[in-house]
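Results of the structural survey
Given next are the chains, with one letter for each unit.
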Amino acid sequence: MPNEILVNVEMQEKRAAIVKDGLLDEYYIERPSEKTIVGNIYKGRIDAIVASIGAAFVDIGLKMKGFLYLSDAVDPIEPIAPVATSQREFKKGQEVLVQVVKEPIGTKGPRLTTHIGLAGRYLVLMPEDAHRGVSRRIDNREEKARLLGLLEEVNVPTDIGYIVRTVAEGKGKRELQRDILFLIKLWRRISSHAQRSPAPALIYEDYDVVLRVIRDSFGAEISKLIVDAKEEYKRIYKFLRVFSDDLIKKIELYESTQNLFAAKNIEKQIARIYERNVYLKSGAYLIIEPTEGLVVIDVNSGRFRKKYDPERMALAVNSEAAREVARQLRLRDLGGIIVIDFIDMEKEENRREVLRVLKDDLKNDRAKYEIIGISKFGLVEMTRERVYRAIESLSYASCPYCLGRGKIKSASTMAIWILKELKRIFSEDSAKRDAQVTAHPDVINLLLKENEKSVQVIERRFRARIGFTLAPNAHIEEVKIV
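Residues numbered from 1 in each chain as written. Predicted model: local features only at pLDDT ≥ 70, side-chain atom pairs only at ≥ 80, totals over all residues. Heavy atoms only, no water.

1. Some remarks on a nonpolar patch on the surface
Our working definition: To count toward a patch, a residue needs a relative accessible area above 30% and no salt bridge. Like charges then connect within 9 Å, nonpolar side chains (Val, Leu, Ile, Met, Phe, Trp, Tyr) within 5 Å. To be clear on the numbers: accessible area is Shrake-Rupley with a 1.4 Å probe, and residue cover counts the displayed protein chains and nothing else. By definition, a salt bridge exists where a carboxyl oxygen of Asp or Glu is found within 4 Å of a side-chain nitrogen of Lys or Arg. A helix here means a DSSP run of H or I that spans at least four residues, while a strand means a run of E at least two residues long, and both kinds are numbered starting from the N terminus.
Side chains of L294, V296 and I337 sit close together on the surface and give an oily, nonpolar patch of about 210 Å² of accessible area. Considering the arrangement of structural elements, one finds V296 in strand β18 (residues 294-300).

2. Considerations on the side chain of H440
Heads up, the rule is: For the purposes of these results, a polar contact is taken to be a pair of N or O atoms within 3.5 Å, where, inside protein, one atom must be able to donate a hydrogen and its partner to accept one; residues adjacent in sequence count only when each atom of the pair is a side-chain atom.
Looking at the secondary structure, you find H440 in the loop between β24 (434-439) and α12 (441-448). Polar side-chain contacts of H440 include one of 3.0 Å to the backbone nitrogen of D442.

3. What about the side chain of Q328?
The criterion, for reference: Two residues qualify as a contact provided that any one of their heavy atoms is within 4.5 Å of a heavy atom in the partner residue.
Of note, Q328 is situated in helix α8 (residues 310-332). In this structure the side chain of Q328 is engaged in a polar contact, spanning 2.7 Å, whose partner is the side chain of R332. Once residues lying within four places of it in the same chain are set aside, the contact partners of Q328 are V278, I288, D333 and L334.

4. Some remarks on the nonpolar core
We apply this condition: In these notes, a set of buried Ala, Val, Leu, Ile, Met, Phe, Trp, Tyr and Cys residues joined through side-chain atoms within 4.5 Å is what counts as a nonpolar core. Throughout this description, buried means an accessible area under 20% of the type-specific maximum (1.4 Å probe, protein chains only), exposed means over 50%, and partly exposed covers the range between.
Of all hydrophobic cores here, the largest spans 50 residues; its most connected members are L118, I180, I214, L225, I236 and L240. Setting aside residues up to four positions removed in sequence, I214 forms contacts with R121, L225, I236, F239 and L240. Counting 31 residues, the second-largest nonpolar core is a separate cluster that includes L280, F342, I371 and M382.

5. Considering the pattern of salt bridges
Overall, the coordinates contain 36 salt bridges when judged by the stated rule. A salt bridge links R31 to E13, with the shortest nitrogen-to-oxygen separation between them at 3.0 Å. Here the residue R31 occupies a position in the loop between β3 (23-30) and β4 (41-50), and E13 occupies one in the loop between β1 (4-9) and β2 (14-20), the gap between them amounting to 18 residues. Here the two residues R31 and E13 agree in accessibility, since each one is buried. Bridged by salt links that share partners, the residues E13, R15, R31, E267 and K420 form one connected network.

6. Some details on the packing of aromatic side chains
Selection criterion: To pair, rings of Phe, Tyr and Trp, with the six-membered ring standing in for Trp, must have centres within 6.5 Å; the planes then decide the type, stacked if under 30 degrees apart, edge-to-face if over 60, and tilted in the middle.
The full count for this structure, using the stated rule, is five aromatic pairs. Ring geometry for F67 and Y69: centres 4.8 Å apart, planes at 90 degrees, overall edge-to-face. Three or more aromatic residues joined by ring pairs form one cluster here, namely F57, F67 and Y69.

7. Remarks on helix α3 (residues 209-217)
Within α3, eight of the nine residues are buried, which leaves the element mostly enclosed by the surrounding structure. Listed in full, the buried residues belonging to α3 are V209, V210, L211, R212, V213, I214, R215 and S217.

8. Section: unusual backbone geometry
In this structure, the amide linkage connecting A199 to the following residue, P200, adopts the cis form with an omega of -5 degrees. Along the chain, the position of P200 falls in the loop between α2 (173-196) and β13 (201-204). Its identity is not glycine, yet N265 carries a phi of approximately 60 degrees, on the positive side. As for its placement among the helices and strands, N265 is situated in the loop between α6 (260-263) and α7 (267-271). By relative accessible area, which is 46% here, N265 ends up partly exposed.

9. Re the sheet that holds β1
Put simply, the rule is: Pairing between two strands requires that DSSP report at least two bridges joining them. With axes taken as lines fitted to C-alpha atoms, and helix axes fitted only over the stretch in contact, angles between N-to-C directions fall between 0 and 180 degrees.
The sheet built from five strands is open, its strands ordered β3-β2-β1-β14-β15 with mixed pairing. Each of the sheet's edge strands pairs with one partner strand only, and the pair in question is β3 and β15 (251-253). The sheet shows a mean angle of 20 degrees between the axes of neighbouring strands, direction not considered. Bridge count for β2 against β3 is seven bridges, and the pairing is antiparallel. By the bridge assignment, I18 is partnered in β3 with E26.

10. A few points about the sheet that holds strand β12 (residues 161-164)
Two orientations exist for strands paired in a sheet by backbone hydrogen bonds: parallel and antiparallel. On the basis of which strands lie adjacent, the open sheet formed by four strands has the order β9-β10-β12-β11 and mixed pairing. The open sheet has two edge strands with one neighbour each: β9 (118-119) and β11 (132-134). With four bridges connecting them, strand β10 (residues 123-126) and β12 associate as antiparallel partners. Bridged to L123 within β12 is V164.

11. Looking at helix α4 (residues 230-243)
Rule in force here: Under the convention used throughout, the expected extent of a helix is 1.5 Å for every residue step, that is, one less than its residue count. To obtain the arc, one takes the directions from the helix axis to the C-beta atoms.
The terminal C-alpha atoms of α4, which comprises 14 residues, lie 21 Å apart, in line with the 20 Å expected from a rise of 1.5 Å per residue. Those residues of α4 not exposed but buried are E232, I236, F239, L240 and F243. For α4, the angular spread of buried residues about the axis comes to 95 degrees, placing them on one side. The exposed set on the far side of α4, more than 90 degrees from its buried face, consists of K230, E231, K238 and R241.

12. Details of the packing of helix α11 (residues 411-428) against α12
What counts is decided by this rule: Helix crossings fall into two classes, left-handed where the near helix is turned counterclockwise from the far one by less than a right angle and right-handed where it is turned clockwise. Residues are sorted three ways: Asp, Glu, Lys and Arg are charged, Ala, Val, Leu, Ile, Met, Phe, Trp, Tyr, Cys and Pro are nonpolar, and all the rest, Gly among them, are polar.
Where α11 meets α12, the axes come as close as 9 Å, and the angle between the chain directions of the two elements is 65 degrees. As α11 packs across α12, the resulting crossing turns out to be right-handed. Touching A411, S412, M414, A415, I418 and L419 of α11 are D442, V443, L446 and L447, all from α12. Residue composition of the contact of α11 with α12, by class: eight nonpolar, one polar and one charged.

13. Overview of the confidence of the model for the protein chain
The predicted structure's coordinates, where accompanied by low pLDDT, should not be read in detail. This is how the line gets drawn: On a range of 0 to 100, pLDDT expresses the predictor's confidence in each residue.
Per-residue confidence for the protein chain gives a mean pLDDT of 88, with 92% of residues at or over 70. Per-residue pLDDT stays below 50 along residues 76-88; that stretch engages in 21 contacts with residues further than four places along the chain or on separate chains.

14. What to know about the packing of α11 against helix α13 (residues 452-462)
Worth spelling out the cut-off: For classification, angles of less than 35 degrees are called roughly parallel, those exceeding 145 degrees roughly antiparallel, those between 65 and 115 degrees roughly perpendicular, and all remaining angles oblique.
One way to put it is that α11 packs onto α13 with a least axis distance of 11 Å and a crossing angle of 5 degrees. It follows that α11 is roughly parallel to α13 by the angle criterion. Taken together, the residues of α13 that come into contact with α11 (itself represented by L419, K423, F426 and S427) are S454, V455, I458, R461 and F462. Considered class by class, the residues forming the contact of α11 with α13 number five nonpolar, two polar and two charged.

If you want it as structure tokens, here you go:
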């Protein structure tokens with residue numbers, strides 16, 4: 001089956017899915033009210049310096065102050081602070097140009113850095129750092145040398161650094177030159193804007209979820225990019241013209257009335273992202289238990305009963321589980337300390353083989369991770385950095401019915417589901433001219449206030465009337481449409 005990127009656009013959210021061989025491999029969701037700030041560049045003002053932890057709190061114009069480790073800071077950009085200062089001379093009230101590297105989580109503000117990085121299709125430009133290099137995931141030394149040689153021919157200013165991204169492997173001078181000239185031009189605009197703007201101010205807003213996925217994942221191995229909204233199709237087309245004419249040929253506008261993700265059998269796979277148990281083809285299964293800073297993944301043989309000796313059985317199950325674990329880490333964007341409890345194996349070479357399978361499948365993971373090793377009991381310890389908010393936190397809220405021990409869908413998620421369901425119902429029954437929605441008051445209030453325009457669009461499109469009934473005693477996920 002072909003590898004595809006699917007893009008679904010509603011008024012209230014955008015979703016992007018990377019599908020490989022029919023399986024959901026990566027999934028991203030973004031809503032206007034919960035848009036990420038990672039990658040944004042701000043002109044901030046130092047609010048306080050805490051010498052005991054070697055950090056500064058920076059006012060960047062948001063509700064929470066940003067957190068900047070002084071060890072992760074370089075001298076302030078000269079046009080912003082004409083007097084050059086060393087790290088130790090940062091002081092309260094000083095203006096600095098910073099970039100967000102990690103979302104605010106709970107009571108913690110966003111993590112900041114002064115090492116600005118502008119990601120293009122093939123390169124990450126580092127205008128305040130003269131270092132130049134190639135992604136560690138490009139293993140071939142000759143290829144690394146070739147890429148660096150091509151960039152030397154482009155005559156990049158000596159005071160500007162860059163990292164060649166993995167996707168640049170095999171690319172020619174034309175693609176690299178196009179990319180770096182675009183990034184240098186972008187940096188000049190950012191620098192000029194920063195000089196004119198009083199702190200605190202947003203200087204540059206990074207791409208939204210759809211363009212980020214296209215920039216980072218739309219390559220030769222993807223046969224098609226399918227998008228279900230005409231305006232988004234045009235926006236993607238315009239974006240790709242900057243980076244790659246070849247990829248434009250792979251964009252397809254989906255015009256069917258059926259939901260794109262449902263038509264591609266992806267909606268059901270998305271629903272399973274949040275389930276505790278993940279079942280494998282062999283009958284074995286994983287149990288995934290995430291906590292605040294630790295994720296435990298337990299591998300169980302389940303119904304796997306092939307006529308192998310126990311050691312061969314354990315190797316077969318563990319190898320399949322290792323591939324699925326790598327996929328689940330990407331899908332759920334699990335972070336922190338991760339402990340994987342594989343089925344015990346007696347032979348050292350079998351344990352090494354399972355670890356090799358896990359590492360091979362993690363090579364496609366863009367998050368930073370480190371694997372400590374595998375113990376004689378089959379335990380693998382690893383860490384994985386999570387930059388964005390977990391997908392689950394966007395779709396679910398802490399359950400008031402069980403005092404936070406479980407999860408339920410949020411009112412906004414249910415409101416969006418109702419709008420999709422109304423479109424499906426009217427599309428499938430052209431004679432239907434009215435519908436009555438009965439749901440929890442929180443859901444109905446969202447539909448009548450924040451999503452009133454969306455309701456009106458559906459009514460006009462299908463020449464229908466939609467009524468709403470409050471059900472105070474209903475579960476938040478309980479909806480009736482007649």
